[in-house]
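An overview of the molecular structure
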Amino acid sequence: MERNKSFQNRPILYLVSTPIGNLGEVSKRTIEVLNSVDFVAAEDTRNSLNLLNNLGVKKKMISLHEHNEREASANVIKLILEGSSIAYMSDAGYPGISDPGALLVQEAIKNNVPVSVINGSSAFLTALIPSGLPTDHFYFHGFLPSKDSDAKKELTDLVSKKETLIFYESPHRIIRTLTMLFEVLGNRKACVARELTKLNEEYIRGSLIELKDVEEATLKGEMVIIVEGNNITQEVDDNKLLNRYKELLEKGLTKPQAREIVCEEFDAKPNYVKSLTMKL
Ligand code: SAM
């Protein structure tokens, strides 16, 4: 166990959330902190330099991105241990959320360096709250793998989750991902939240079957996909279903044949049976 007070007059690592589109979202506290530190470490120093110039902040910069994360994190912590305070920012939103930053935090904790977050916007919360889908329990998945077979496998593991599901996606894969969500999760309510906090901000609410057919050319910019959790009351006894499935395999049936039979016998959804039996 370790307890670590953030503000004890000693050098500190700040993780600074930066705007996901609208520069007006930079807080007074963000500017104060950026002015107070000795260095600003950034995922993309050019991009962050623009932001600092906009805010009238002049600082020495350090580059820390996914390809040098380990060495650069060690270097940042070394500088803090030598007496400098440092703010780290990724390109947009919170560091560590589908962005570099987690290794830096681990290195800080290992070295007893205090870490504090300076709040700002996060794309997934900005998308979730007005999506119209339940916000009491949610599951953030971030990006699905780019390879279709890997993405399908990850999605299959999510089929039975009851929480609202949140995905990040880039415009060139949005239709592929919406189609895959429909194929694997079935038709559910969903929302595509686009260009958040920017002039073209848009929430497209509907069902996956409708969303996958939206004209791709109209889905430009940055996007978050929010999908309703599994709200089908599954009255199937999982153990009984699995035992029957194993019995069928032992009799020499192929996996698809055995799945088809248990679906019928237990009146269960194919995707549910697939996710349950895949781990065997
Ligand atoms: N660190 C960021 C955060 O805290 O949200 C996420 C960075 S991740 C590399 C970028 C992804 O976030 C985009 O592909 C998109 O899915 C989502 N995103 C970022 N800005 C957005 C915006 N203005 N509108 C919608 N989605 C956005």
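Every value quoted in this text rests on a predicted model; they were computed, and no experiment measured them. (Residues numbered from 1 in each chain as written. Predicted model: local features only at pLDDT ≥ 70, side-chain atom pairs only at ≥ 80, totals over all residues. Heavy atoms only, no water.)

**With respect to the sheet that holds strand β7 (residues 164–169)**
Strand order in this open sheet of 5 strands is β6-β7-β10-β8-β9, and the pairing throughout is mixed. Of all strands in the sheet, those with a lone pairing partner are β6 (138–143) and β9 (202–207), marking the two edges. Averaged over all adjacent pairs, the angle separating strand axes in this sheet is 15 degrees, with direction ignored. Packing of helix α7 (residues 174–185) onto the sheet brings it into contact with β7, β8 (189–194) and β10 (223–227), and relative to β10 it is tilted by some 10 degrees. (Pairing = 2+ DSSP bridges. Helix = DSSP H or I, 4+ residues; strand = E, 2+ residues; numbered from the N terminus. Axes fitted to C-alpha atoms, helices over the stretch in contact; angles between N-to-C directions. Contact = heavy atoms within 4.5 Å.)

**Observations regarding the packing of helix α9 (residues 238–250) against helix α10 (residues 255–266)**
Contact geometry of α9 with α10 gives a least axis separation of 9 Å together with a crossing angle of 140 degrees. Our classification of the angle between α9 and α10 gives oblique. As for the relative orientation of α9 and α10, their crossing is right-handed in sense. On α10, the residues touching K240, L241, R244, Y245, L248 and L249 of α9 are K255, A258, R259, I261, V262, E265 and F266. Taken together, the residues of the contact of α9 with α10 break down into 8 nonpolar, no polar and 5 charged. (Parallel < 35°, antiparallel > 145°, perpendicular 65-115°, else oblique. Left-handed = near helix turned anticlockwise from the far one by under 90°. Nonpolar A, V, L, I, M, F, W, Y, C, P; charged D, E, K, R; others polar.)

**Some remarks on the site of the ligand**
The full set close to the ligand counts 19 residues, and Y94, I97, Y168, L196 and M223 are the nearest of them. With respect to the ligand, the side chain of D99 contributes an N or O atom lying 2.9 Å from a nitrogen atom. Residue E222 places a side-chain N or O atom 3.4 Å away from a nitrogen atom belonging to the ligand. Notes on the ligand: free accessible area 580 Å², of which the protein chains cover 91%. Every element with two or more residues in the shell around the ligand is listed here: β7 and β10. (Near = heavy atom within 4 Å. Polar contact = N/O pair within 3.5 Å; in protein donor to acceptor, adjacent residues only side chain to side chain. Areas by Shrake-Rupley, 256 points an atom, 1.4 Å probe, with all protein chains shown as cover.)

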